[in-house]
Amino acid sequence: MGYRDIYFDRNKSNHGWYTCVRCGKKLRKSDVDIDHIIPQSRGGSDNILNLQCMCKTCNRSKQNSMGLDTVKDLGKNIVRNLFRKK
Ligand SMILES: [Zn+2]
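Cut-off values and rules
- Residues numbered from 1 in each chain as written.
- Predicted model: local features only at pLDDT ≥ 70, side-chain atom pairs only at ≥ 80, totals over all residues.
- Helix = DSSP H or I, 4+ residues; strand = E, 2+ residues; numbered from the N terminus.
- Contact = placed C-beta atoms within 7 Å.
- Buried ≥ 20, exposed ≤ 12 C-beta atoms within 10 Å, placed from the backbone.
- Pairing = 2+ DSSP bridges.
- pLDDT = per-residue confidence, 0-100.

With that settled, consider the overall build of the protein. Within the protein, the regular secondary structure consists of three helices and four strands. Of the regular secondary structure in the protein, the N- to C-terminal order runs α-β-β-β-β-α-α. Taking the principal axes of the C-alpha coordinates as reference, the protein spans close to 35 × 25 × 25 Å. Of all intrachain contacts in the protein linking residues separated by at least 6 positions in sequence, the fraction that spans at least 24 positions is 60%.

Shown next, in the form of structure tokens:
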């Protein structure tokens, strides 16, 4: 199972729409980029806690950077997943 499948399996869409975590843009599934919060190039895993929904523009501008945003995204994503019912 690819990481896109892992993400979509755990994150049901809101009537077919997903929201970019950075800019809040509404996206169709085909337009969603699944972002590794900790980039794979830096050892980030395909764990659901490391995956988030981004638009292509935000994901491209993020590239492989690690900084305060990475820490914030990771914190938010862990909270989101902890409080989600299966
Ligand atoms: Zn965005």
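Our next topic: unusual backbone geometry. Note on backbone geometry: most residues besides glycine have negative phi, and most peptide bonds are trans. You will see that histidine 15, though not glycine, has its phi angle at about 55 degrees, which is positive. Summarising the element assignment, histidine 15 is placed in the loop between helix H1 (3–10) and strand S1 (17–19).

A separate point is the environment of leucine 27. Examined against the element boundaries, leucine 27 turns out to sit in strand S2 (residues 26–28). In the structure, leucine 27 is positioned 32 residues away from asparagine 59 in sequence and 13 Å away in space, judged by C-alpha atoms. Every residue in contact with leucine 27, bar those within four places of it in the chain, is listed here: Trp17, Tyr18, Cys20, Val32 and Cys55.

Glancing now at the environment of lysine 29. The residue lysine 29 is located in the loop between S2 and strand S3 (33–36) in this model. Distance from lysine 29 to glutamine 52, taken between C-alpha atoms, is 13 Å for residues 23 residues apart in sequence. Filtering out sequence-adjacent residues up to four positions away, lysine 29 remains in contact with Ser13, Gly16 and Tyr18.

By the alternation rule, side chains of strand S4 (residues 51–54) split into Leu51 and Cys53 and Gln52 and Met54, which are all buried. For S3 and S4, the ladder comprises four bridges, and the chain directions are antiparallel. Counted as the bridge partner of histidine 36 is leucine 51 from S4.

So, about the environment of leucine 82. Position of leucine 82 among the secondary structure elements: in helix H3 (residues 68–82). A count of 8 C-beta atoms within 10 Å places leucine 82 in the exposed class. Note: C-alpha distance between leucine 82 and leucine 51 (31 residues apart in sequence) is 14 Å.

Time to look at the confidence of the model for the protein. Overall, the prediction assigns the protein a mean pLDDT of 92, with 98% of residues at 70 or greater. Mean pLDDT across the elements of the protein bottoms out in H3 (93) and peaks in S2 (97).

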